[in-house]
Amino acid sequence: MKNNRICELLSIKYPVLQAPMSWITDAGLAASVSNAGGLGIIGPNSGAQSVTTDVTETGERLRSEIKKAKSLTDKPFGVNILSYEGDRFQFSDQCVKVILEEGIAVAAICGDYPEKYAKQLKDAGIKQIFRALPSNNVEVAKRAEQAGMEAFIAAGLEGGGHIGLDRITTFVLIPQVVDAIRIPVIAGGGIVDGRGMVAAIALGAEGIYLGTRFIATKECPAHSTYKQAILDAIDTSSVTFTSMVGLCRALKTPPVEHFVQMELNGTATEEEMVMLHRHETRPWLEGDWSTTVFPVGACAGMIKEIKSASEVVNSIVKEADEIMKNMCIQDFG
Ligand SMILES: Cc1cc2nc3c(=O)[nH]c(=O)nc-3n(C[C@H](O)[C@H](O)[C@H](O)COP(=O)(O)O)c2cc1C
């Protein structure tokens, strides 16, 4: 696999990024991906065992994960920062303060406000890649470029967790974004293997951003029940529904199915939505379906094996290289 603009920008060997997934993308997983030549990204509150509403404590938890990641890898890794309009993100302000103090390679910013930390991070030499939420479309990609983001993550409807309200699928979003901006595009949502990587590259993306595939790894701290549900998943095992930040895709667990049914009937209440999105760490770490949602992408049905993070990175790159070589000897003329 040849170096491209994403490899150069992020100083990585392979343009394979492990997407941040809150509690379950900790320093251990991120460092393993970076050691394998991709880019690991630490999620918000990763490494935590409980929710905190304390802003300073949130920053200190992040500091300790950053220090841990640095002890596990000398390669670049990223940290996820949420950046939304409004003043409810004092947690993000604190996390940005910590990453500026600690010094990291990449900020993977997610939200609707790419301008918010752009100057501070640029002045500190931290690379900025941006995934737009609650909408991910051409217009916001142009805004991100204008704001100084160095790569845009085009993430579509197939993805796990919070996804774009426009419901544009990854594979029609990529080429439209590629045609509209000059910064490199990273494809996210629904990609698990070399086939997906080649498809994304064929459409003009220069990197891939994988969440669900990395849950089913040895290093991911998610509970074995969560991982097993991914191995057991079929094409219809995930579903989208309204969330507090737009749309969400998650496993069809009994509470999610119940909520989706009530949404269809027009009887879903905000309290139920809040209950579904409490986002506590324990259910994801302890596998209790009853208390929250378990996000996965529509690609879960393609994952059949728990691998190490380095096996995931290497097998994707190897498969992509083989497919591209075979494509070069095919001729449609
Ligand atoms: C369990 C889970 C938790 C997630 N948490 C976050 C998060 O904390 N921050 C974020 O920016 N994106 C989050 N996402 C979205 C991912 O970063 C990424 O966009 C998505 O997983 C890509 O789709 P895929 O799962 O089909 O690979 C989460 C996704 C999942 C599956």
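Report on the accompanying structure.

About the thresholds
- Residues numbered from 1 in each chain as written.
- Predicted model: local features only at pLDDT ≥ 70, side-chain atom pairs only at ≥ 80, totals over all residues.
- Heavy atoms only, no water.
- Core = buried A, V, L, I, M, F, W, Y, C linked by side-chain atoms within 4.5 Å.
- Buried < 20%, exposed > 50% of the residue type's maximum accessible area, 1.4 Å probe, protein only.
- Helix = DSSP H or I, 4+ residues; strand = E, 2+ residues; numbered from the N terminus.
- Domains from an automatic or database assignment.
- Contact = heavy atoms within 4.5 Å.
- Pairing = 2+ DSSP bridges.
- Right-handed = clockwise from strand over helix to strand, strands pointing away.
- Near = heavy atom within 4 Å.
- Polar contact = N/O pair within 3.5 Å; in protein donor to acceptor, adjacent residues only side chain to side chain.
- Areas by Shrake-Rupley, 256 points an atom, 1.4 Å probe, with all protein chains shown as cover.
- Nonpolar A, V, L, I, M, F, W, Y, C, P; charged D, E, K, R; others polar.
- Axes fitted to C-alpha atoms, helices over the stretch in contact; angles between N-to-C directions.
- Parallel < 35°, antiparallel > 145°, perpendicular 65-115°, else oblique.
- Left-handed = near helix turned anticlockwise from the far one by under 90°.
- Phe/Tyr/Trp six-rings, centres within 6.5 Å; stacked < 30°, edge-to-face > 60°.

Val16, Ile24, Ile208, Phe214, Ile215, Tyr226 and Ile230 are the most contacted members of the largest nonpolar core, which has 43 residues in total. Breaking this core down by element, the ones donating at least two residues are α2 (27–35), α8 (194–202), β9 (207–210), α9 (212–215), α10 (224–232), α13 (281–286) and α14 (309–328). Here this core takes 6 residues from α14, the largest share from any one element. Summarising the domain contributions, this core has at least three residues from each of domain 1 (5–221 + 305–325) and domain 2 (224–298). Beyond its immediate sequence surroundings of up to four residues, Ile215 is in contact with Met21, Ile24, Cys220, Ala222, Tyr226, Lys227, Ile230 and Pro295. Formed by 32 residues, the second largest nonpolar core is a distinct cluster that contains Leu62, Val79, Ala118 and Ala154.

Let's shift gears to the pairing of strand β6 (residues 151–155). Among the 5 residues of β6, 5 are classified as buried, and the element is accordingly described as predominantly covered. Bridge count for strand β5 (residues 127–132) against β6 is 3 bridges, and the pairing is parallel. Along β6, the bridge assignment pairs Arg131 with Ile153. Remark: the β5/helix α6 (residues 138–146)/β6 crossover connection has right-handed handedness. Where β6 meets strand β8 (residues 185–188), 4 bridges bridge the pair, whose relative direction is parallel. Note on β8: the bridge partner recorded for Ala154 is Ala187.

Neighbouring the ligand are 23 residues; Pro20, Asn80, Gly190, Gly211 and Thr212 lie closest to it. The contact in question runs from an oxygen atom of the ligand to an N or O atom on the backbone of Gly160, over 3.3 Å. Gly190 has a polar backbone atom sitting 2.8 Å from an oxygen atom of the ligand. Its free accessible area being 600 Å², the ligand has 94% of it covered by the protein chains. Among the residues forming the shell around the ligand, the class breakdown is 11 nonpolar, 10 polar and 2 charged. When residues are assigned to domains, the shell around the ligand turns out to be shared by domain 1 (5–221 + 305–325) and domain 2 (224–298), each giving three or more.

Next up on the list: the packing of α6 against helix α7 (residues 170–180). Relative orientation of the contacting elements α6 and α7 amounts to 40 degrees, with a least axis distance of 9 Å. Judged on the interaxial angle alone, α7 and α6 are oblique. As α6 packs across α7, the resulting crossing turns out to be right-handed. On α7, the residues touching Val138, Ala141, Lys142 and Glu145 of α6 are Gln176, Val177 and Ala180. Each residue belonging to the contact of α6 with α7 can be placed in one class, and the counts come to 4 nonpolar, 1 polar and 2 charged.

All told, the structure shown has 4 aromatic pairs when counted by the stated rule. Aromatic pair Tyr226 and Phe294: ring centres 4.9 Å apart, planes at 80 degrees, arrangement edge-to-face. With Tyr226 in helix α10 and Phe294 in the loop between α13 and α14, this pair connects stretches of sequence that are 68 residues apart. Classification of Tyr226 by relative accessible area gives buried; the value is 1%. Phe294 sits in the buried class, given a relative accessible area of 0%. One aromatic cluster is present, formed by Tyr226, Trp284, Trp289 and Phe294 through successive ring pairs.

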